[in-house]
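Here are the chains, one letter per residue:
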Amino acid sequence: MFKKFSTSTDIAGQTPVKTSVQRSLRTTVLSQWKIEPETLDVIWPKKEGLVHVKCREHLSIYTVHGEPIFFQHFDGPIYPTLRVLHKYPYILPMVRVDRGAIRFLLAGAHMMCPGLTSAGGYLPPPGEALAAETPVAIHAEGKEHAVGIGITKMGSEEMRKVNKGVGVETVTYLGDDLWAVQTI
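Residues numbered from 1 in each chain as written. Predicted model: local features only at pLDDT ≥ 70, side-chain atom pairs only at ≥ 80, totals over all residues. Heavy atoms only, no water.

For the chain, an unreviewed UniProt entry supplies the name Translation machinery-associated protein 20 and the organism Dendrothele bispora. Checking UniProt for the chain, the heading Subcellular location (unreviewed entry) contains the comment "Cytoplasm". Per UniProt, the comment on the chain under Sequence similarities (unreviewed entry) is "Belongs to the TMA20 family." (UniProt positions renumbered as here; feature names shortened; annotations may be inferred.)

Here it is as structure tokens:
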């Protein structure tokens, strides 16, 4: 999604978000992420204005003081940026890929089921199983912080059972063009 993203050519416009829309975005974020309202207030203070940055391919980036804090594609789920996820690593459920998948992840590839189910990989236990189309933080074996954000293409139990194909579709990753953008 952000493989060839440039602030000079891909941004169509920036508009301040109305207060009513900010309230609905805030409730959506609180329902989609595992985050307390107080923590969200630290990330995005209620009194601060939110700016909607419209980009190519129906991509919306929301910024506070020019710093991207979350983004959305069409009307899909709202994803935090990796910088926000590094500060608050518990806001998205975690999956982990083994060492062999790290170089592919850092090149923007989707994560295959064998990389998630192998000895170095991690999927939540059956009691905390993930459903399909769930935003997740992608961690790498032996690394402390998330190296990507993605969306599951099948449930975690189905990934264990089938163990073939794409398990997590990568949305943004460490080193992509969104990571390079400090302020918009």
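The structure having been displayed, the exposition proceeds.
Engineer: Could you give me a rundown of the sheet that holds strand E6 (residues 94-97), with the residues and numbers involved?
Structural biologist: The mixed open sheet is built from five strands, whose spatial order is E6-E8-E9-E10-E7. Taken across any chain shown, the strands that pair with only one partner, and hence form the sheet edges, are E6 and strand E7 (111-112). As judged from the two bridges shared by E7 and strand E10 (residues 166-173), these two strands associate in the antiparallel manner. Residue pairing for E10: Met111 is matched across the bridge by Val168. (Pairing = 2+ DSSP bridges. Helix = DSSP H or I, 4+ residues; strand = E, 2+ residues; numbered from the N terminus.)

Engineer: Give a description of the UniProt feature "domain: PUA" (unreviewed entry) in the chain that names residues and reports values.
Structural biologist: Annotation from UniProt places "domain: PUA" (unreviewed entry) at residues 93-175. The straight-line gap between the two end C-alpha atoms of residues 93-175 is 21 Å; of that span, 19% is helix and 33% is strand.

Engineer: An account of the side chain of His139 is needed here, citing residue identities and associated values.
Structural biologist: Mapping His139 onto the fold places it in strand E8 (residues 135-140). Setting aside anything within four residues of it in sequence, one finds His139 in contact with Met94, Val95, Arg96, Val97, Glu144, His145, Ala146 and Val147. (Contact = heavy atoms within 4.5 Å.)

Engineer: Report on the environment of Leu30, specifying residues and quantitative values.
Structural biologist: With respect to the helices and strands, the residue Leu30 is situated in helix H2 (residues 19-32). According to the relative accessible area criterion, Leu30 is partly exposed, its value standing at 28%. Distance in space between the C-alpha atoms of Leu30 and Leu85 is 15 Å, their sequence separation being 55 residues. When neighbours within four sequence positions are excluded, Leu30 is seen to be in contact with Ile35, Glu36, Pro37 and Leu40. (Buried < 20%, exposed > 50% of the residue type's maximum accessible area, 1.4 Å probe, protein only.)

Engineer: Please provide a residue-by-residue account of the sheet that holds strand E3 (residues 59-64), values included.
Structural biologist: Reading across from one edge, E1-E2-E3-E4-E5 is the order of the five strands in this open sheet, with antiparallel pairing throughout. One side of each edge strand has no neighbouring strand; the edge strands of this open sheet are strand E1 (11-16) and strand E5 (78-80). On average, each strand axis in the sheet is inclined to that of its neighbour by 25°, with strand direction left out of account. Direction of pairing for E1 relative to strand E2 (residues 51-55): antiparallel, over a ladder of five bridges. Considered in E2, the bridge of Ile11 is made with Cys55. Across the sheet, H2 lies against E3, strand E4 (67-73) and E5, angled at about 75° from E5, the strand it touches most. (Axes fitted to C-alpha atoms, helices over the stretch in contact; angles between N-to-C directions.)

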